[in-house]
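Descriptive analysis of the structure
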Amino acid sequence: MTQALPYARIIGSGSFLPPRCVSNDELAADLASRNIETSDQWIFERTGIRQRYLAERGVKTSALATEAARLALADAQVDASEVDLIILATSTPDFVFPSTACLVQANLGNKGAAAFDVQAVCSGFVYALTTAEAFIRAGRARCALVIGAEVFSSILDWNDRGTCVLFGDGAGAVVVKASAEPGILSAELHADGSQMGILSAAGNVAYGAVTGDPFLRMDGQAVFKQAVTVLDRSAREVVAQAGLQLSEVDWFIPHQANSRILTFLARKLEIPLEKVVMTVDQHANTSAASIPLALDVARRDGRIQTGQLVLLQGVGGGFTWGSVLVKM
Ligand code: UT7
């Protein structure tokens, strides 16, 4: 066990998207060839999505995660050998086991770090980041790689227009290090398993076959209502926990599922839309990858600066939700 430093700080980020970008029009044409009707207009008006990146069949979550992790390590100027904790959030792991975190560890050439996956669907990254912070503050780790990565296209029912147009593939990662300076200021996580039915992929591999339903199913309106309610409450709680005001938040990065949810939430919280990082138009909903992807985009384009306050919020299947308030 190492000596505890009082704080955990994000010191680098990276993200990776598969090369194939599919516009709404291209997707609509593909679905039309199978007599499934949709349009750029419907998708954009209801969700704000313009396009998504889709991995080729056979490309696994660990491959996207490894690329994002390499970029995050390079950005943090940390060698893979210095990492002593790898937490990877995903609902589309490569295998039942070993964990995708272990596969990424092997790809990076790291030996000896603790490595495990976190399963909290679209809240996975805030769950993983909060867990890494707790390890670091307890002195059980000094340098963590926290990754959100998904090949969600592999669990979509491409005959269900109500869900298949909404999601994309990708990965984002951050390096979190023990620090004498404040970094992650507060965090809070929640779940309500009684609402498992509104968003699930209720299948499993058992006895040599897939049992149950291998595809994602969602009651979109129930998820929408639940998301805006819990995220509003959670944002207020996490900011109060840090002794701060919502008006002090510089950047707001909620899970990127639907621009209508993001704008509705920002209005409820009285956060100006200019402070909301929005990538759902470009990436669609990439589940556990959406928050670190958006964070990395806004760091690299110069919007998010060192010292600024960033509010991260996840929400999704489980039902799960949570928030992390970060000083960059
Ligand atoms: O990552 C976890 C978090 N997930 C979310 O936050 C998702 C939350 N929910 C949503 O974003 C929205 O509920 C959706 C975008 C999923 C759906 O939007 P909606 O405004 O709730 O639409 P709806 O499900 O009520 O469907 C309206 C109509 C229906 O037709 P009828 O019954 O009114 O004739 C659907 O059949 O739109 C139809 N529809 C479509 N039409 C064209 C559903 N999907 C499509 C489609 N293209 N792709």
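**Side note on a nonpolar patch on the surface**
There is a patch of nonpolar side chains on the surface, built from Val96, Phe97, Val205 and Val210 and spanning about 470 Å² of accessible area. Topologically, Phe97 is positioned in the loop between strand E4 (85–89) and helix H4 (100–108).

**Brief notes about the packing of helix H3 (residues 61–76) against H4**
When two helices pack together, their arrangement is given by the angle between the helix axes and the distance between those axes. Between H3 and H4, the least distance of the axes is 9 Å, while the angle of their chain directions is 55 degrees. Classified by the interaxial angle, the pair formed by H3 and H4 is oblique. Between H3 and H4 the crossing geometry is right-handed. Counting all contacts with H3, which are made through Thr61, Ser62, Ala65, Thr66, Ala69, Arg70 and Leu73, the residues of H4 involved are Thr100, Leu103, Val104, Asn107 and Leu108. Partitioning the contact of H3 with H4 into residue classes produces six nonpolar, five polar and one charged.

**Here's the deal with the site of the ligand**
Thr38, Arg46, Gln221, Asn258 and Asn285 are the nearest of the 22 residues found near the ligand. Between Thr38 and the ligand, the recorded distance is 2.7 Å, taken from a side-chain N or O atom to a nitrogen atom. Residue Arg46 places a side-chain N or O atom 2.8 Å away from an oxygen atom belonging to the ligand. In isolation the ligand exposes 960 Å². Once the protein is present, 72% of that is buried. Secondary structure elements with two or more residues in the shell around the ligand: helix H2 (40–47), helix H6 (161–164), helix H7 (220–241) and helix H8 (259–268). Looking at side-chain class alone, the shell around the ligand contains ten nonpolar, eight polar and four charged residues.

**With respect to the sheet that holds strand E1 (residues 7–16)**
Ordered in space as E1-E7-E6-E4-E5, the five strands form an open sheet in which the pairing is mixed. The sheet terminates laterally at E1 and strand E5 (114–118), the two strands that pair on one side only. Neighbour-to-neighbour, the strand axes of this sheet turn through a mean angle of 20 degrees, independent of strand direction. With five bridges connecting them, E4 and strand E6 (residues 143–151) associate as parallel partners. Residue Leu85 lies in a different strand from E6, and its bridge partner there is Ala144.

**A short note on the domain arrangement of the chain**
Frequently, the measure chosen for interface size is the accessible area that the parts lose on association. By domain assignment, the chain separates into domain 1 (7–179) and domain 2 (184–327). For domain 1 versus domain 2, the distance between C-alpha centres works out to 14 Å. Contact residues are listed per partner, giving 54 residues for domain 1 and 47 residues for domain 2. Both sides together, the interface formed by domain 1 and domain 2 hides about 3900 Å², and carbon and sulfur atoms give 61% of it. It is Cys122, Val126 and Tyr127 that lose the most area in domain 1 upon contact with domain 2, and together they represent 15% of the buried surface on that side. For the pair domain 1 and domain 2, the number of links is two salt bridges. Here Arg217 makes a salt bridge to Asp157, at a shortest N to O gap of 3.0 Å. Summed over the shared surface of domain 1 and domain 2, the number is 25 residue pairs in polar contact (both at pLDDT 80 or more). Along the lines of polarity and charge, the residues of the side of domain 1 that touches domain 2 split into 26 nonpolar, 16 polar and twelve charged.

**Quick word on the pairing of E6**
In terms of burial, E6 is a largely internal element, nine of the nine residues being buried. Burial of E6 is two-sided: the residues Cys143, Leu145, Ile147, Ala149 and Val151 facing one way and the residues Ala144, Val146, Gly148 and Glu150 facing the other way are all buried. Two strands pair when backbone bridges link them, and E6 and strand E7 (residues 169–179) are joined in this way by nine bridges, in the antiparallel orientation. Residue Glu150 lies in a different strand from E7, and its bridge partner there is Gly170.

**Quick look at the sheet that holds strand E8 (residues 184–191)**
The four strands lie next to each other as E8-E15-E14-E13, forming an open sheet whose pairing is mixed. Only two strands of the sheet have a single partner each, and these edge strands are E8 and strand E13 (251–254). Between one strand axis and the next, the sheet turns through 10 degrees on average, direction left out of account. In the packing of H7 onto the sheet, the strands contacted are E8, strand E14 (309–316) and strand E15 (320–327), and the crossing angle to E15 comes to about 35 degrees. In the packing of helix H10 (residues 290–300) onto the sheet, the strands contacted are E13 and E14, and the crossing angle to E14 comes to about 155 degrees.

Here is what the cut-offs are and how they apply
- Residues numbered from 1 in each chain as written.
- Predicted model: local features only at pLDDT ≥ 70, side-chain atom pairs only at ≥ 80, totals over all residues.
- Heavy atoms only, no water.
- Patch = residues over 30% accessible without salt bridge, like charges linked within 9 Å, V, L, I, M, F, W, Y side chains within 5 Å.
- Areas by Shrake-Rupley, 256 points an atom, 1.4 Å probe, with all protein chains shown as cover.
- Salt bridge = Lys/Arg side-chain N within 4 Å of Asp/Glu carboxyl O.
- Helix = DSSP H or I, 4+ residues; strand = E, 2+ residues; numbered from the N terminus.
- Axes fitted to C-alpha atoms, helices over the stretch in contact; angles between N-to-C directions.
- Parallel < 35°, antiparallel > 145°, perpendicular 65-115°, else oblique.
- Left-handed = near helix turned anticlockwise from the far one by under 90°.
- Contact = heavy atoms within 4.5 Å.
- Nonpolar A, V, L, I, M, F, W, Y, C, P; charged D, E, K, R; others polar.
- Near = heavy atom within 4 Å.
- Polar contact = N/O pair within 3.5 Å; in protein donor to acceptor, adjacent residues only side chain to side chain.
- Pairing = 2+ DSSP bridges.
- Domains from an automatic or database assignment.
- Buried area = accessible area lost by both parts, 1.4 Å probe.
- Buried < 20%, exposed > 50% of the residue type's maximum accessible area, 1.4 Å probe, protein only.

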